[in-house]
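Descriptive structure summary
Spelled out, the chains give:
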Amino acid sequence: MTQHAGFEEPPGADEPIGVPYRAGRRTALRVMVPVAVAALAATGIAVVPALASDSAPALPQVTAEQLVTKVLGGGTSQPEAGGRTQALSGTVRVSTDLGVPAELLAFVQHGGGAAGVAGTAGAAGGGQAKAHDDSGADPTSRLSALLGGSHTLRIATDGPDRQRVSLVEDLAEYDLIHNGDQAWAWDSGSQQAVHYTGLRQGRPDAPGQLPGDVPDTPQQAAQRFLADNAANSDITVAGTARVAGRSAYQLSVKPRQSGSTIGEVKVAIDSATGTPLAVTATASSGGTVFDSRFSDVSFDHPAASTWQFTPPKGAKVTEQPAGAHQRDGQGGSAGHGGNDVKVTGQDWTTVVSFQLPASGSPNGSPSGSSSGSSRAGQPAHGKAPRGLENPAELVKSLGKPVAGGRLISTKVINVLVTDDNRVYAGAVTLPVLQAAAGVK
Amino acid sequence: MSLVEAAEAAGAAPRVAAGPDRATVSGFLALFRSELLLTFRRVRTMALLGALAALPVLIGVVVKIETGGLHGGGDGGPPFLAQVTQNGVFLTFTSLAVALPIFLPMTVGVVAGDAVAGEATSGTLRYLLVAPAGRIRLLAAKFTAALAFCAAATLAVALTGLITGSVLFPVGKVVLLSGDTVSLGESLLRMVLIAAVVAVSLSGLVAIGLFISTLTSSGIAAMAGTVGLVVIVQVLDTIPQLAAIQPWLFTHYWLTFADLLRHPVYWDGVLHDLGLQALYVAVFGAAAWARFSSRDITA
């Protein structure tokens, strides 16, 4: 390139003397180089994964029933039948786009939620809620963060008694580690841990076994969802797909009932192990509202150190002994009466209702969770955040007036707040909510 | 010895004797050395590095004075701040996390933006090119010197963070983000790795700065343009409606260096970051070449 060192180049556009006629073309050619590099990179990045995922693998034909059996059998209830899928580890991307107003999300995250969804507002705390109310490691408040945006989870499981879920955050991490009869919740941001002891062993399907009750791995979400909704859904096999580099069947589940705002749920099921690798929910109005999928997965036994957790020096540890937690585990129904949380309808058209406190009550504003894809109506306790003196007014201010009250409408979750401060919520259309509320 | 090998040996011998490759390499090294000296002998560069080094000292002293008030306050404030009082090593991580979004790119923007345009401003660019160095080699030398500054700037923050932290606070085993505790030795190893990742994270910005620097003859304009771009891109990175393009912004994965503090280490974000930086270097390096090699140098 030494020939370019001097003044061989044209002196400038306004000085045409001595301009070689091909200089302009050479410049144009050079400009093409970075453009070409960018274009090459863009096509390489866009096309290669597209090619990889578009090439639907050829798999033997199965019926929807066989697939559902494979999923449910390969999971929790029969250890020997599902031995192959008992151990796995991997990375899961969870994207949720419910269109929930940010204020409401903040409200939910502080444990006073009115629009819990997909079981993320798990039953934690129970009567002990006050004990670790301000703990950053409280699973309920932390996992409800999954209600919005994209998150990365690292999960590992080995048998019914060992699970670990790590929520990978910017410069922080939140961990749930379940090992035998004890479990830890760890929040790196606040350096706080909650220690659960005396858990029942060998009962993986017991509700509330793992604190926080994380359903956001594709596996758990799909198993629960299929178990709960199989009876009222049209289930078909919709081709094959590649997820995390593995061949999978696509199972399409559509509600048979009308009145649900969920249009379709697609579950990608690993052809070899029957492990659900991806769950995607689409609103009936169109658009993906929930997407949880493995980006990489391994069926090897994770290292034993995965299940070990020792609270680091200087961390604040909250003990959560057995009595409180076991009651919590069975507390699904017991909690209903005490907190005035009612569940009406079933499956796709489940509606959860509860009474909002008229003014800020210092302890335990009741809340409920509702969902088309998981067990509905687990009560979650907690305080309203300090700034929210009057949750009823806040919730109402977000809604638009409809017959019978105010409606907070999101892509899938609709919440009706009646004039007498009763909240009806569900992944259902407004008429279903109004019927549940008795509005003409 | 076969005929082919003999021919090869015969062919290779005169090439080594003539040594054009060697000349290129040593020529580049000489150019790089002069660029390096030019960069680091400047009072301005020293002032930038000094300001970066002052940042951990400032944070450390403030935390030391305010220790009473910080206990129990988990949220708010820079990351890892709660741990600093218990373990001085965390001052390095806090300082890097604070410096990476603003201070580090600002200094890098100044150095990279000034690289070519500064020479044009002071009227020395044409003399540089009169020497038979070649424009590509000059550009490469400027780029490498700016990368060296990235490393120096990151080291300035990390080292003063480590020194200040160990002077002001107790030092011991480090608690990772995942709650695991690792020995001091391993944490220092991870710190070196993090510093390297942070320095390389800035290479995309260096390429952009160099490209902007070839666009103008005003050093100030190139610096302001580069630093302004960093600010704009970071603002874009926070707008939720732009989620589709955010993974392509060069600042998007900067803070993934903290993934090296997990157990097991979570590589996805870091690898994304390094890949993206390589892409930016390729595109903007090519753009800088396209502009600089066909530009008329009038200053």
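Residues numbered from 1 in each chain as written. Chains lettered and ligands numbered in written order. Predicted model: local features only at pLDDT ≥ 70, side-chain atom pairs only at ≥ 80, totals over all residues. Heavy atoms only, no water.

1. Details of the layout of surface pockets
- The computed volume of the largest pocket comes to approximately 2,200 Å³.
- What lines the largest pocket is a set of 50 residues, among which A:Arg93, A:Ser150, B:Pro247, B:His252 and B:Tyr253 lie closest to the centre.
- Elements with a minimum of two residues in the lining of the largest pocket: α1 (23-54), β1 (87-97), β3 (148-158), β4 (162-169), β8 (233-243) and β12 (288-298) of chain A together with α13 (268-294) of chain B.
- At seven residues, the largest contribution of residues to the lining of the largest pocket is made by α13(B).
- Counted by class, the lining of the largest pocket contains 23 nonpolar, 17 polar and ten charged residues. (1 Å grid on protein atoms, 1.4 Å probe; cavity = no way out; pocket = protein on both sides within 12 Å on 5 of 7 lines; lining within 4 Å. Points joined across faces, edges and corners; volume = space filled by probe spheres on them. Helix = DSSP H or I, 4+ residues; strand = E, 2+ residues; numbered from the N terminus. Nonpolar A, V, L, I, M, F, W, Y, C, P; charged D, E, K, R; others polar.)

2. A word on the sheet that holds strand β6 (residues 182-187) of chain A
Residue and element names in this part refer to chain A.
- Across the sheet, twelve strands lie side by side as β8-β9-β10-β11-β12-β1-β3-β4-β5-β6-β7-β13; this open sheet has mixed pairing. The outermost strands of the open sheet, each flanked by one partner alone, are β8 and β13 (316-320). The average angle at which neighbouring strand axes cross in this sheet is 15°, direction not considered. (Pairing = 2+ DSSP bridges. Axes fitted to C-alpha atoms, helices over the stretch in contact; angles between N-to-C directions.)

3. Looking at empty space enclosed by the protein
Residue and element names in this part refer to chain B.
- Tallied over the full model, the rule gives six cavities of 30 Å³ or more.
- In this model, the second largest cavity occupies a volume close to 160 Å³.
- For the second largest cavity, the lining is made up of 14 residues, of which Glu-35, Thr-39, Arg-42, Val-111 and Ala-115 are closest to its centre.
- Those elements giving two or more residues to the lining of the second largest cavity turn out to be α2 (20-40), α3 (43-65), α7 (103-122) and α9 (135-168).
- Class assignment of the residues belonging to the lining of the second largest cavity gives a composition of five nonpolar, three polar and six charged.

4. Focus: the interface of chain A and chain B
- Each partner contributes to the interface: chain A provides 41 residues, whereas chain B provides 44 residues.
- Together, the buried faces of chain A and chain B total about 3,200 Å²; carbon and sulfur atoms form 61% of this surface.
- Counting across the chain A and chain B interface gives one salt bridge.
- Close ionic contact of A:Glu173 with B:Arg262 constitutes a salt bridge, the shortest N to O distance being 2.8 Å.
- For the side of chain A that touches chain B, the element with the highest residue contribution is α1(A), accounting for nine residues.
- Along the lines of polarity and charge, the residues of the side of chain A that touches chain B split into 18 nonpolar, 14 polar and nine charged. (Contact = heavy atoms within 4.5 Å. Buried area = accessible area lost by both parts, 1.4 Å probe. Salt bridge = Lys/Arg side-chain N within 4 Å of Asp/Glu carboxyl O.)

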